[in-house]
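Fold and contact review
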Amino acid sequence: MNRLHDIEVYSPKTLEEALEILRREGDRVKVIAGGTDLIIQMKDGIMPRKNLLNIYSIDELRYIRMGNDSIRIGALTSFTDIASSALIRNYARILADAANTIGSIQIMNKASIGGNLVNASPAADSIPPLYVLDAVLVLRSVEGVREVPIQSFYRGYKKLDIRSDELLTEVRVRRMAEDEDGIFLKHGLRLGDAISVVNAALLVKWDGDDRFKDVKIALGAVAPTVVRARSCEEALTGKELNDSTIWDAASKVVNDISPIDDVRGTAEYRREMSVNLLYIGLWEIINKRNQAGW
Amino acid sequence: MRRRVVRFILNGEEVEVYVPPAFTLLEVLRDVLHLTGTKDGCSDGDCGACTVLLDGKAVHSCLTIMAQVEGREVTTVEGLAGDGEPDVVQKAYVETGAIQCGYCIPGFIMATKALLTANPSPSEDDILEALRGNLCRCTGYVKIVEAVKKAVEEAGR
């Protein structure tokens, strides 16, 4: 294991200073937020050793606010704060539920949403909910501001639409509407603290006939980036919802994913678990609505 | 080696160390400050043995670098028994027999401390939730949960 004794760390106190350092250093520095995955990657030598831009002390990037038509989350906001935020629990519950499963309390206290997004693990638990909630990422640099929809932010395995002088400063998610339900599902090898073998976020919009007017499904850890399950979504939209249509739709997910074998599971296992997770998740959404007296 | 002065509050007292800023808090606590109560288990954020409080919240000291500690408050297991008298949580673990080999216990104690500070009357589910990131390989979980309940009772008296 590498000791990090020769690494320089820049620790700006304000966003402005941080952007200035990024402009000057660009690719020569790696941004560290909570560091709960980055420090492991550096110690294990997975990541090239670079000097660090430590943004952990920039408290102006820690907030959860109601915007005009979206919820605005500062990039440094911890998963503990996201999971316990009344705003997020009320209007973007899928994200709160995902935040709660990210890892142990120790991880949740330190890891940030911005770090999770830029670290870009295909298994990152915050990404599927952000896909279905149409998240927009706010990237700042000395030059100005860019707003990038999350699905175009990820271009391939750990390939991101972010310049070396840009910092992710805010995540915007839309509020779930009254006629929408959603769920986050995670299959990990340990309940309290695990990297996902498969995860998924489902968001449905009901029509007046107890059918789905619109369905969005995103899965993680089954492709180089988080992916939408388009064939599955299509098979559900406007259809009568019974056990056979739901099973058929869930089974179609294998067309949307391209899992690999790794230490946490085989590709075959991931395909089977993806189908199962969607089947379980769809029924949970439907049963919850039935119980609510619809 | 690139060293820098890092100032922070450790167990209630201001300290200053001259260390590489990317050294982990765990390395500095154990190897520089010789506070060996905090244990090095997996060094990967999986086991919770290295848990300390950073501004009152449980974090892994193995996944925290010194630059992140600058100006903040750190509490280690040594900080609980300030005047030599064990903290109510420590007493409860000892009296319940929640300790076998003991290696994971400082981490469990700190996670428990964080829980009780935030929530003085936790349910069993709250306890399991708060301790879900701490592993005990002597399989002492039942006694550990009992110890937390005892600490809750004792603290409430």
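Just so you know, these numbers come straight off a predicted model, no measurement behind them.

In terms of helices and strands, chain B carries six helices and five strands. In chain B, the order of α-helices and β-strands from amino to carboxyl end is β-β-α-β-β-α-β-α-α-α-α. Taken against the 2.2 N^0.38 rule, which gives 15 Å for 157 residues, the C-alpha radius of gyration of chain B at 15 Å falls within 12% of a compact globule. Its C-alpha atoms give chain B principal-axis dimensions of about 45 × 30 × 25 Å. A sequence separation of at least 24 residues applies to 55% of the contacts in chain B between residues at least 6 apart. Summed over all atoms, the accessible surface of chain B reaches about 7100 Å², with 49% contributed by carbon and sulfur. Within chain B, the 23 negative side-chain charges are centred at a point lying 3 Å from the centre of the 16 positive side-chain charges.

Another point: the sheet that holds strand E7 (residues 145-149) of chain A. All names here are of chain A. Strand order in the open sheet formed by five strands is E4-E5-E10-E6-E7, with antiparallel pairing between adjacent strands. Both edges of this open sheet fall to strand E4 (64-66) and E7, since each of them pairs with a single strand only. Between one strand and the next, the sheet's axes are offset by a mean angle of 25°, whatever the strand orientation. The sheet contact formed by strand E5 (residues 70-74) and strand E10 (residues 167-174) spans five bridges and is antiparallel. Counted as the bridge partner of Ile71 is Val173 from E10. Sitting on the sheet, helix H1 (residues 15-25) touches strand E6 (136-140) and E10, and the angle it makes with E10 is about 120°.

So, about the domain arrangement of chain A. Much of the literature gives interface size as the accessible area that the parts lose upon coming together. Entries for chain A in the domain assignment read domain 1 (9-54), domain 2 (60-174) and domain 3 (180-291). Relative placement of domain 1 of chain A and domain 3 of chain A: their C-alpha centres are 35 Å apart.

Below, the discussion takes up the side chain of Ser126 of chain A. Mapped onto the elements, Ser126 of chain A comes out in the loop between helix H7 (113-119) and helix H8 (127-132). Not counting the four nearest positions on each side in its chain, Ser126 of chain A is found in contact with Phe79, Leu95, Ile102, Ile113, Asn116 and Leu117 of chain A.

On to the sheet that holds strand E1 (residues 9-10) of chain A. All names here are of chain A. Across the sheet, three strands lie side by side as E1-E3-E2; this open sheet has parallel pairing. Every other strand in the sheet has two partners, leaving E1 and strand E2 (29-32) as the edge strands with one partner each. One ladder, built from two bridges, connects E1 with strand E3 (residues 51-54); its direction is parallel. Bridging across to E3, Val9 finds its partner in Leu52.

Here the focus is the packing of helix H3 (residues 88-96) of chain B against helix H4 (residues 105-118) of chain B. Residues and elements named next belong to chain B. Where H3 contacts H4, the two axes come as close as 10 Å, and the packing angle between them is 130°. One element, H3, and the other, H4, form an angle in the oblique class. H4 is crossed by H3, and the crossing has right-handed handedness. When H3 is examined against H4, the residues Val89, Gln90 and Tyr93 are found in contact with a partner set consisting of Ile105, Phe108, Ile109, Thr112, Lys113 and Leu116.

Another aspect to go through is the nonpolar core. A general trend in soluble globular proteins is that nonpolar side chains are found buried together. All names here are of chain A. Core analysis: the largest hydrophobic core is formed by 60 residues, its most contacted members being Leu95, Ile113, Leu117, Leu130, Ile150, Tyr154 and Val171. A total of five residues in this core trace back to one element, the largest contributor, which is helix H5 (residues 93-101). Not counting the four nearest positions on each side in its chain, Ile150 is found in contact with Leu117, Ile127, Leu130, Tyr131, Ala135 and Leu137. Counting 32 residues, the second largest nonpolar core, distinct from the first, contains Ile217, Cys232, Leu282 and Ile286.

Residues and elements named next belong to chain A. Going through the model one piece at a time under the given rule, you end up with five aromatic pairs over all chains. Between Phe153 and Tyr154, the aromatic rings sit 5.1 Å apart at their centres with planes inclined by 85°, giving edge-to-face as the arrangement. Taking the centre distance of 5.1 Å and the plane angle of 80° together, the rings of Trp247 and Tyr279 count as edge-to-face. Remark: Tyr279 occurs in helix H12 (residues 267-291) and Trp247 occurs in helix H11 (residues 243-251); sequence separation between them is 32 residues. On the basis of relative accessibility, which here comes to 37%, the residue Trp247 falls in the partly exposed class.

All names here are of chain A. Positionally, Thr169 belongs in strand E10. Within the local environment of Thr169, its side chain forms a polar contact with the side chain of Arg140, the two groups lying 3.5 Å apart. When residues no more than four places from it in sequence are discounted, the contact partners of Thr169 are Leu15, Leu61, Tyr63, Ile73, Gly74, Ala75, Val138 and Arg140.

Here we come to the interface of chain A and chain B. Facing the 37 residues of chain A at the interface are 35 residues of chain B. Carbon and sulfur atoms make up 50% of the surface buried where chain A meets chain B, a total of about 2900 Å² over both sides. Summed over the shared surface of chain A and chain B, the result is three salt bridges. One salt bridge connects Glu8 of chain A with Arg2 of chain B, and the closest N-O pair in it is separated by 3.2 Å. Remark: the boundary between chain A and chain B carries 21 residue pairs in polar contact (both at pLDDT 80 or more).

Basis of the calculations
- Residues numbered from 1 in each chain as written.
- Chains lettered and ligands numbered in written order.
- Predicted model: local features only at pLDDT ≥ 70, side-chain atom pairs only at ≥ 80, totals over all residues.
- Heavy atoms only, no water.
- Helix = DSSP H or I, 4+ residues; strand = E, 2+ residues; numbered from the N terminus.
- Rg over C-alpha atoms; globule rule 2.2 N^0.38 Å.
- Contact = heavy atoms within 4.5 Å.
- Areas by Shrake-Rupley, 256 points an atom, 1.4 Å probe, with all protein chains shown as cover.
- Lys, Arg positive; Asp, Glu negative; His and termini not counted.
- Charge placed at Lys NZ, Arg CZ, Asp CG, Glu CD.
- Pairing = 2+ DSSP bridges.
- Axes fitted to C-alpha atoms, helices over the stretch in contact; angles between N-to-C directions.
- Domains from an automatic or database assignment.
- Parallel < 35°, antiparallel > 145°, perpendicular 65-115°, else oblique.
- Left-handed = near helix turned anticlockwise from the far one by under 90°.
- Core = buried A, V, L, I, M, F, W, Y, C linked by side-chain atoms within 4.5 Å.
- Buried < 20%, exposed > 50% of the residue type's maximum accessible area, 1.4 Å probe, protein only.
- Phe/Tyr/Trp six-rings, centres within 6.5 Å; stacked < 30°, edge-to-face > 60°.
- Polar contact = N/O pair within 3.5 Å; in protein donor to acceptor, adjacent residues only side chain to side chain.
- Buried area = accessible area lost by both parts, 1.4 Å probe.
- Salt bridge = Lys/Arg side-chain N within 4 Å of Asp/Glu carboxyl O.

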